[in-house]
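# Examination of the molecular architecture
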Amino acid sequence: MWLDEPHDVLFQRAAEKLGVPLSDFASARVVRSVLDARNKGSPRYIYTVEVELPPARVPIALPADVSEVPPAPPPPPRVGQPDRWPIVVGTGPAGLFCALGLLECGVRSILIERGRDVGNRRKDVTKLMRDGSLDPESNMNFGEGGAGAYTDGKLSTRINHPLVRKVIETFARCGAPDQILIDGKPHIGSDLLPGAVEQLRKELADGGCRVHFETRVDDILSDGARTVGVRLSDGAVLEGNRVVLAPGNSARELFERFAADGRVSLEPKPFAIGFRAEHPQELVNRIQYGSASNNPKLPPADYKLAENLQVGGELRGIYSFCMCPGGVVVPTPTEEGFQCTNGMSNSRRNAKFANAGIVVSVSVQDFEKAGFHGALAGLEFQRYWEKKAYQLGEGRYYAPAQTIPDYLAGKLRKKPGATTYRPGLVHADLNRLYPPHLTEALKAALRRFDRKMRGFISEDAILIGIESRTSSPVRVTRGDNLQSVSMAGLYPAGEGCGYAGGIVSSAIDGLRIAAQIASELA
Ligand SMILES: Cc1cc2nc3c(=O)[nH]c(=O)nc-3n(C[C@H](O)[C@H](O)[C@H](O)COP(=O)(O)OP(=O)(O)OC[C@H]3O[C@@H](n4cnc5c(N)ncnc54)[C@H](O)[C@@H]3O)c2cc1C
């Protein structure tokens, strides 16, 4: 449908496609809508509609782009509550959805979360943005809802898994807007996501799960190669023979503990590192929508950019990451003295700026070239650049920043103008960060991006340092039974253990682990 077409044409078109009169529809609803803005100046929406027809009226041959709605999946099998309750470490999407999946099978679990509940966490996040004081236990990464709670809440994912729908439906049931059920790029917003997370936790608690906040798991206890429980930050021991490890990508002390004693097998994992780019939203709208950019029916424009380039004899992926139209850039450190950023936006996406990570993939060879070896090589590499960025920003989580033209020219001519980043920016040459081969790759890609999106390189476009927690720098290795290869009963889950990237895929990984545990208990 073109933007100016009346909405009631839609079902009429569906009827024409099926070759039946509209009056034959027993019901009809939109199940998906996707904005197609490839044709600049005249964008349109592509809809998928689901209609119900009396059996006698179903056409014998369906057109190629029409299919029958598949039957609903069977309910999860019920299993009995084990004597020792499963323990879930972390209440991010992986942990919460694992507990939900278990509960749907009749199994209650104990959730342990180092950070504070979403309500109190908000105050800690605000304090960091207001005056640069970090609470290492309650921040943008740690606390109820995990890194997922104060994020943009974009629920789009590259994975095509039958459980994607379940995750989105769960968020909608817990209070996220129903629009996410049909949007091709579903988005909840940082203002509404904490409420949905809180509601999900209440459902878990009402179902009998126990949730402990402000309690950190400091170690996994084992008897030989078998999990027997966890040690908590107050020294207490919680016994359990099934521990789901879903601590997110910033649980550095835990990974260090595992590497130190070697009981839990882990390996270094490639990830990506770079900067956050911020542009005026109006500029991005103009680039993406052309002459239609002022049409009020269009949402703030987004973008997705990627290049594979040969730089210094190596093929590298450089891409935009976690793009937030109408959003803000936020500080996401978890350790004192280390600077990193990410982005988020409210449900209305009404901030005047657009931001996205612009990152280059880094491999184990890059870690080694920089002098870091072993299972924690990626983590140390990440820390090294976060420390440099903190120093360049002169402390208190001020971010080093530079205009894109100046970054490309290696000069400090124009101070970055307006920004959404709090506590604030420090004008600095970002060429002082990252090894030359990574800087070269980022610069080459920025020039290519500008060819795809004319104006991407402009005086109003700035780079903010740094984007470093794109995914986990380690993988806690697990086998086909989803248990650690070195410790039975330990289920590494979600993004932090290297099995997901983003809210939806982390939630799905949690659900998969729940199904695995339920099958073992059946
Ligand atoms: C600002 C920001 C914006 C983002 N925006 C999006 C987005 O729009 N869409 C998207 O798909 N993804 C987004 N992401 C990424 C997304 O949040 C993560 O991919 C996702 O949350 C990972 O889920 P997880 O459950 O594996 O880990 P996490 O969400 O990181 O949760 C891990 C939890 O474990 C807790 N924990 C850690 N260590 C311990 C311990 N030792 N003991 C007890 N608890 C512990 C942490 O406090 C945390 O609550 C964003 C991330 C950030 C930081």
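Bear in mind the structure is a predicted one, so any value in this text is a computation, not a measurement.

About the criteria used
Residues numbered from 1 in each chain as written. Predicted model: local features only at pLDDT ≥ 70, side-chain atom pairs only at ≥ 80, totals over all residues. Heavy atoms only, no water. Buried < 20%, exposed > 50% of the residue type's maximum accessible area, 1.4 Å probe, protein only. Helix = DSSP H or I, 4+ residues; strand = E, 2+ residues; numbered from the N terminus. Pairing = 2+ DSSP bridges. Near = heavy atom within 4 Å. Polar contact = N/O pair within 3.5 Å; in protein donor to acceptor, adjacent residues only side chain to side chain. Areas by Shrake-Rupley, 256 points an atom, 1.4 Å probe, with all protein chains shown as cover. Nonpolar A, V, L, I, M, F, W, Y, C, P; charged D, E, K, R; others polar. Disulfide = S-S within 2.5 Å. Contact = heavy atoms within 4.5 Å. 1 Å grid on protein atoms, 1.4 Å probe; cavity = no way out; pocket = protein on both sides within 12 Å on 5 of 7 lines; lining within 4 Å. Points joined across faces, edges and corners; volume = space filled by probe spheres on them. Axes fitted to C-alpha atoms, helices over the stretch in contact; angles between N-to-C directions. Parallel < 35°, antiparallel > 145°, perpendicular 65-115°, else oblique. Left-handed = near helix turned anticlockwise from the far one by under 90°.

A large share of strand E11 (residues 271-280) lies buried, amounting to 10 of its 10 residues. Examined bridge by bridge, E11 and strand E16 (residues 353-362) share 10 bridges and lie antiparallel to one another. Its bridge partner being in E16, proline 280 is matched across the sheet by phenylalanine 353. Taken together, the 4 bridges between E11 and strand E19 (residues 462-467) define a ladder with antiparallel strand orientation. Its bridge partner being in E19, glycine 274 is matched across the sheet by glutamate 467.

With that settled, consider the site of the ligand. In the region of the ligand, 36 residues are neighbours, and Ala94, Glu113, Ala147, Glu495 and Ile503 sit closest. Between the ligand and the protein, one listed contact pairs an oxygen atom with a backbone N or O atom of glycine 143 at 2.9 Å. The separation between an oxygen atom of the ligand and a polar side-chain atom of glutamate 495 is 2.3 Å. The protein chains hide 95% of the 990 Å² of surface that the ligand would expose on its own. At the level of elements, helix H2 (93-104), strand E15 (341-344) and helix H12 (503-521) are the ones that each hand at least two residues to the shell around the ligand. Within the shell around the ligand, the residues separate by chemical class into 14 nonpolar, 16 polar and 6 charged.

Our next topic: the state of the cysteines. As used in these notes, a disulfide is a covalent bond between sulfur atoms, one from each of two cysteines. This model, assessed by the stated rule, comprises 0 disulfides. For the unlinked cysteine cysteine 174, the closest cysteine sulfur is that of cysteine 209, found at 13 Å. Summary of cysteine pairing: cysteine 340 is not part of a disulfide, and the nearest cysteine sulfur, belonging to cysteine 322, is at 13 Å. On the basis of relative accessibility, which here comes to 0%, the residue cysteine 340 falls in the buried class.

This part is about helix H4 (residues 164-173). All of the buried residues along H4 are Val164, Val167, Ile168, Thr170, Phe171 and Ala172. The inward-facing, buried residues of H4 abut H2, helix H5 (193-206) and H12. Positive phi shows up at glycine 175, right after H4, with a value of about 115°.

Another aspect to go through is the layout of surface pockets. Summary: where empty space remains is shown by rolling a probe the size of a single water molecule over the atoms. Computed from the structure, the second largest pocket encloses a volume of approximately 260 Å³. In terms of lining, the second largest pocket is formed by 18 residues, of which the most central are Arg122, Met129, Ser190, Met344 and Asn346. Only helix H3 (118-131) and strand E14 (328-331) provide two or more residues apiece to the lining of the second largest pocket. Counting residues per element, the lining of the second largest pocket draws most heavily on H3, which supplies 4 residues. Class assignment for the residues of the lining of the second largest pocket results in 8 nonpolar, 8 polar and 2 charged.

In this section: empty space enclosed by the protein. Here the structure, examined in full by the defined rule, presents 1 cavity of 30 Å³ or more. Volume-wise, the largest cavity comes out at about 60 Å³. The wall of the largest cavity is formed by Gly92, Pro93, Leu96, Phe97, Gly145, Gly148, Phe171, Leu193, Val197 and Ile503. Contributing elements (two or more residues each) for the lining of the largest cavity: H2 and H5. Among the elements that take part in the lining of the largest cavity, H2 stands out by supplying 3 residues, more than any other. Across the lining of the largest cavity, the residue classes break down as 7 nonpolar, 3 polar and no charged.

This brings us to the sheet that holds strand E7 (residues 226-232). In space, the 3 strands of this open sheet follow the order E6-E7-E8, with antiparallel pairing throughout. Two strands close off the open sheet at either side, each with one partner strand: strand E6 (217-223) and strand E8 (237-239). When the angles between neighbouring strand axes are averaged without regard to direction, this sheet yields 30°. Bridge analysis of E7 against E8 gives 3 bridges, and the strand direction is antiparallel. Its bridge partner lying in E8, arginine 231 is registered against valine 237.

A separate point is the sheet that holds strand E21 (residues 490-492). Read across the sheet, 5 strands follow the order E5-E4-E3-E9-E21 without closing on themselves; strand pairing throughout is parallel. The two strands at the open ends of the sheet, each matched to only one other strand, are strand E5 (210-212) and E21. With direction set aside, neighbouring strand axes in the sheet form an average angle of 15°. As judged from the 3 bridges shared by strand E3 (residues 87-89) and strand E4 (residues 110-112), these two strands associate in the parallel manner. Among the inter-strand pairings, valine 88 is bridged to a residue of E4, identified as leucine 111.

Here we take up the packing of H2 against H4. At a minimum axis separation of 12 Å, H2 and H4 run at an interaxial angle of 90°. Here H4 runs roughly perpendicular to H2, going by the angle between their axes. Along its contact with H2, which presents Phe97, Leu100 and Glu104, the element H4 presents Lys166, Val167, Thr170, Phe171 and Arg173.

Okay, the packing of helix H6 (residues 252-261) against helix H9 (residues 377-392) next. Two numbers describe how H6 lies on H9: the axes approach to 12 Å, and their chain directions differ by 140°. Of the possible angle classes, the one that applies to H6 and H9 is oblique. Read as a crossing pair, H6 and H9 show a hand that is left-handed. Contacts between H6 and H9 pair Arg252, Phe255 and Glu256 from the former with Leu379, Glu380, Gln382, Arg383 and Glu386 from the latter. Class assignment of the residues belonging to the contact of H6 with H9 gives a composition of 2 nonpolar, 1 polar and 5 charged.

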